[in-house]
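# What the coordinates show
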Amino acid sequence: MMKSEALAPSAFDPFHSEVVPKPIAAEPLSRRRKRRADQREFKVTVAFLTAVFLPFVAVARIIPGAWRPFARSRSAPLSVFGQAKAAANEIAPFMLSR
């Protein structure tokens, strides 16, 4: 091995590697793709959680009022699906926070 080869920076050296700038036109497109992927992930998560909460809300409607796990709201009552979706919308942001 020659002396100049030993001193040459390696491709994996973070202090000597060149930074290649990204094309400017590709950034907005990648942001849109990421936003769409995030929206898709949120919708799938809410749909999954709605399906998970639906049986719990249905059972909570059947049992007597004193045994219900949810506090009664003073607003107009939601349907079973509405309550399940409201519970899913409250939980989903915490599941997707990074």
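Given the structure is predicted, the values throughout are model-derived calculations rather than measurements.

A few words on the overall build of the protein chain. For the protein chain, the helix and strand inventory stands at 3 helices and 0 strands. Sequence-ordered secondary structure for the protein chain, helices as α and strands as β, is α-α-α. Relative to its full complement of 98 residues, the protein chain shows a buried share of 11%. Nonlocal contacts in the protein chain, meaning residues at least 24 apart in sequence, comprise 65% of its contacts between residues at least 6 apart. Summed over its atoms, the accessible surface of the protein chain is roughly 8800 Å², and 65% of this surface lies on carbon and sulfur atoms.

The next thing to look at is a positive patch on the surface. On the surface, Arg32, Arg33, Arg35, Arg36 and Arg40 cluster together into a patch of positive charge. Note on placement: Arg40 falls in helix H2 (residues 26-62).

Our focus in this paragraph is helix H3 (residues 80-96). End to end, H3 covers 24 Å across 17 residues, agreeing with the expected 24 Å (1.5 Å per residue, within 8%). A maximum bend of about 25 degrees is found in H3 at Glu90, where proline Pro93 lies one to four positions downstream. Among the residues of H3, Ala84, Ala87, Ala88 and Ala92 are the ones counted as buried.

Attention now moves to the environment of Phe81. Within the secondary structure, Phe81 sits in helix H3. Look at Phe81 and you get exposed, because its relative accessible area is 58%. Taking the C-alpha atoms as reference points, Phe81 and Leu54, separated by 27 residues in sequence, lie 6.6 Å from one another.

With that settled, the discussion passes to the pattern of salt bridges. Tallied over the entire structure, the rule returns 1 salt bridge. With a closest N to O distance of 3.5 Å, Asp38 and Lys34 form a salt bridge. One end of the pair, Asp38, and the other, Lys34, are both in helix H2, 4 residues apart, so they sit about a helical turn from each other.

Take Thr50: it is sitting in helix H2. Beyond its immediate stretch of four places on either side in the chain, Thr50 contacts Ala84, Lys85 and Ala88.

Rules used throughout
- Note on numbering: residues in each chain are counted from 1, in written sequence order.
- Reporting of local features is limited, given that this is a predicted model, to residues whose pLDDT is at least 70; pairs of side-chain atoms are given and counted only at 80 or more, and all residues count toward the totals for whole chains, interfaces and linings.
- Based on all heavy atoms of the structure, the side-chain values leave hydrogens and waters out of the count.
- Strands here are runs of E lasting at least two residues and helices are runs of H or I lasting at least four, both read from the DSSP assignment and numbered beginning at the N terminus.
- Buried, partly exposed and exposed residues are distinguished by accessible area as a fraction of the type maximum, computed with a 1.4 Å probe on protein chains only: under 20%, between the cut-offs, and over 50%, respectively.
- Working rule for contacts: check all heavy atoms of both residues, and any pair within 4.5 Å makes them a contact.
- In short, Shrake-Rupley with a 1.4 Å probe defines the accessible areas, and a residue's cover is counted only from the protein chains shown.
- Patch definition: residues with relative accessible area over 30% and no salt bridge; like charges joined within 9 Å; nonpolar side chains (Val, Leu, Ile, Met, Phe, Trp, Tyr) joined within 5 Å.
- Any Lys or Arg side-chain nitrogen found within 4 Å of a carboxyl oxygen on Asp or Glu counts as a salt bridge.
- Note that His is not counted, nor are the chain ends; the positive residues are Lys and Arg, and the negative ones are Asp and Glu.
- Positions of charges follow a simple convention, taking NZ of Lys, CZ of Arg, CG of Asp or CD of Glu.
- Multiplying 1.5 Å by the residue count of a helix minus one yields the expected span of that helix.
- At any given residue, the bend is defined as the angle formed between two axes, one fitted to the seven residues that end at that position and one fitted to the seven that begin there.

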